[in-house]
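Fold and contact review
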Amino acid sequence: MTIKKRLILSNLGMIIIPAVSILVVDACLGYLLFVVFKGSPEGETLKLLIRLRIIAAVMILILTNGLLTYSVAKHILNPIAELAIAAKKISEGNFDYRVKSKANDELGELARTFETMRRKLKEAQATQKQYEKNRQELIAGISHDLKTPITTVKGYLKGIQDGLAKTPEKLDQYIHVIQKAVDNMEALISELFLYSKLDLKQIPFHFEQVDLYPFFVDVIEELSFQLEKENGTATLLADPTQSYIVKADREKLKRVVSNIIQNSLKYMDKQEKNIRVRLSSQPNAVMVEIQDNGRGIKQEDLPYIFDRFYRTDPSRNRATGGSGLGLSIAKKIIEAHRGTIWAESEWGKGTTIYFKLYRVIP
């Protein structure tokens, strides 16, 4: 019942209930005094009837007013008071104070809207805390990863200043190390800049229809040439008669595949390096599997490999250091395509990265 109807009925009740009640009481009193007790319609009996009538009318008005006021307070004033308390609690930063209401009137709707707002504020507060934590982790990661190449540059420059590079060969060696450290810093800053813009959704995407079969034929051809020098192979497994057309940003997709493959090659511990790509056409999606025969990932590390700056190798040595952002960037790009990405791995045997993209239905 709406508040308007409740107030109208309450006002009508203030008139109708006392009037009917007084008539009933008056009839009962008259019957008792004049019929049961055989009183005289005049004199003291009439005066007693008038007094009792007045007392009964006052009591009926008081009782009716009290009951109707209690009803209005229970259904209108109390919910407003609860909302006022809840608003104060939330203004003080307490987002755990809940407002419950089963009423079907405007105040019930207001309470449910208020409760929805409270939950969203609580979620926003949790998100803000997580962002703050991520920001601190990001700063710590950047500081750690920049400290090593900067220390290397300072050390070798100091060596040059102190005359330790006494021969042209030694000087070239020092300069080469410095250049490599600078390149590492430049790559880290570039990837960090890309990740930040992806995180803030400031990178434009140019979607087009991309046939993943010829796309990966080119990838495998280039990768095979690279692995030939290291006694490795790259293989594409796909049915050419199937449709592998997706809507994607070709350049961003190349970045995803490149990051996954480079990450695989970085952790290869076998003499013969093998990369296998498999395409599977599904009713509404195309699934890509990129499998390696590297050292694999431990199960306790697997849930975190797409987190920024996370490395399964805590030593962060030069061989496996990287920026720690490659798979994070890949995940951001796939999510921008409304796709999904995940990994499966067996320690000592290798890792498979999967991602799905929506298929274009012919």
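Now for a description of the structure that goes with this document. (Residues numbered from 1 in each chain as written. Predicted model: local features only at pLDDT ≥ 70, side-chain atom pairs only at ≥ 80, totals over all residues. Heavy atoms only, no water.)

**With respect to the overall build of the protein chain**
Applicable threshold: Secondary structure elements follow DSSP: runs of H or I of four or more residues count as helices, runs of E of two or more count as strands, with numbering from the N terminus. We call two residues in contact when some of their heavy atoms are within 4.5 Å.
Regarding its fold elements, the protein chain presents 7 helices and 7 strands. Starting at the N terminus and walking to the C terminus, you meet the elements of the protein chain as α-α-α-α-β-α-β-β-α-β-β-α-β-β. When contacts within the protein chain are restricted to residue pairs at least 6 apart in sequence, long-range pairs at least 24 apart make up 68% of them.

**Notes on the nonpolar core**
The condition is simple: Here, nonpolar core means buried Ala, Val, Leu, Ile, Met, Phe, Trp, Tyr and Cys residues that are tied together by side-chain atoms lying within 4.5 Å of each other. In this scheme, a residue with accessible area under 20% of its type's maximum is buried, one over 50% is exposed, and one in between is partly exposed, where area comes from a 1.4 Å probe on protein chains only.
Judged by nonpolar contacts, the single largest core of 46 residues is most densely connected at Leu 212, Phe 216, Ile 290 and Phe 355. Per element, the largest residue contribution to this core is 7 residues, and it comes from helix H5 (residues 212–228). Ignoring anything within four residues of it in the chain, the contact list for Leu 212 reads Tyr 244, Val 246, Leu 253, Leu 279, Val 286 and Val 288. Among the nonpolar cores identified, the runner-up in size contains 7 residues, and Leu 83, Val 99, Ala 111 and Phe 114 belong to it.

**Digging into unusual backbone geometry**
In this structure, Arg 338 is a non-glycine residue whose phi angle is positive, near 65 degrees. If you trace the backbone, Arg 338 turns up in the loop between helix H7 (326–336) and strand E6 (340–346). Given the relative accessible area of 60%, Arg 338 is considered exposed.

**Re the packing of aromatic side chains**
Two numbers describe a pair of aromatic rings. These are the distance of the centres and the angle of the planes. Just so we agree on the cut-off: Centres within 6.5 Å make a pair out of two Phe, Tyr or Trp rings, where for Trp the six-membered ring is used; the pair is then stacked when the planes are under 30 degrees apart, edge-to-face when over 60, and tilted otherwise.
Tallied over the full model, the rule gives 4 aromatic pairs. On the basis of an interplanar angle of 80 degrees and a centroid distance of 4.9 Å, the ring pair of Tyr 156 and Tyr 174 is categorised as edge-to-face. Highlighted residues: Tyr 156 in helix H3 (residues 106–161) and Tyr 174 in helix H4 (residues 168–199), separated in sequence by 18 residues. With relative accessibility at 11%, the residue Tyr 174 sits in the buried group. A ring pair is formed by Trp 342 and Tyr 354, whose centres lie 5.3 Å apart and whose planes are at 5 degrees; its orientation type is stacked. Residue Trp 342 is located in strand E6, and its partner Tyr 354 is located in strand E7 (residues 350–358); the two are separated by 12 residues in the primary sequence.

**Points about the sheet that holds E6**
As a reminder of what qualifies: Pairing between two strands requires that DSSP report at least two bridges joining them. In this analysis an axis means a line fitted to C-alpha atoms, helices contributing only their contacting stretch, and an angle means the value between N-to-C directions, from 0 to 180 degrees.
Ordered in space as E2-E4-E5-E7-E6, the 5 strands form an open sheet in which the pairing is mixed. Each edge of the sheet is formed by a strand with only one pairing partner; in this case those strands are strand E2 (233–237) and E6. Neighbour to neighbour, the strand axes of the sheet diverge by 15 degrees on average, direction disregarded. Pairing between strand E4 (residues 274–281) and strand E5 (residues 285–292): 7 bridges, direction antiparallel. Note on E5: the bridge partner recorded for Arg 276 is Gln 291. Running over the sheet, helix H6 (residues 250–266) touches E4, E5, E6 and E7 and is turned about 170 degrees from E7.

**Section: the environment of Met 14**
Looking at where Met 14 falls in the secondary structure, it is placed in helix H1 (residues 3–36). In this structure, the C-alpha to C-alpha distance between Met 14 and Asn 65, residues 51 residues apart in sequence, is 6.7 Å. Excluding its chain neighbours within four sequence positions, the residues that come into contact with Met 14 are Thr 64, Asn 65 and Leu 68.

**Observations regarding the side chain of Lys 252**
Tracing the sequence through the fold places Lys 252 in helix H6. The exposure class of Lys 252 is buried, given its relative accessible area of 17%. Residues in contact with Lys 252, not counting those within four places in the same chain, are Ile 203, Pro 204, Phe 205, Ile 333 and His 337.

**Notes on the pattern of salt bridges**
Between side chains of opposite charge, a pair can form when the charged atoms approach closely. This is how it is decided: What counts as a salt bridge is simple: a side-chain nitrogen of Lys or Arg found within 4 Å of a carboxyl oxygen of Asp or Glu.
Taken as a whole, this structure holds 9 salt bridges when the rule is applied. Here Glu 289 and Arg 278 are joined by a salt bridge, their closest N and O atoms 3.9 Å apart. Taken as a pair, Glu 289 in strand E5 and Arg 278 in strand E4 lie far apart in primary sequence, 11 residues in all. Given the relative accessible area of 15%, Glu 289 is considered buried. Between Lys 331 and Glu 335 there is a salt bridge, with its nearest N and O atoms 4.0 Å apart.

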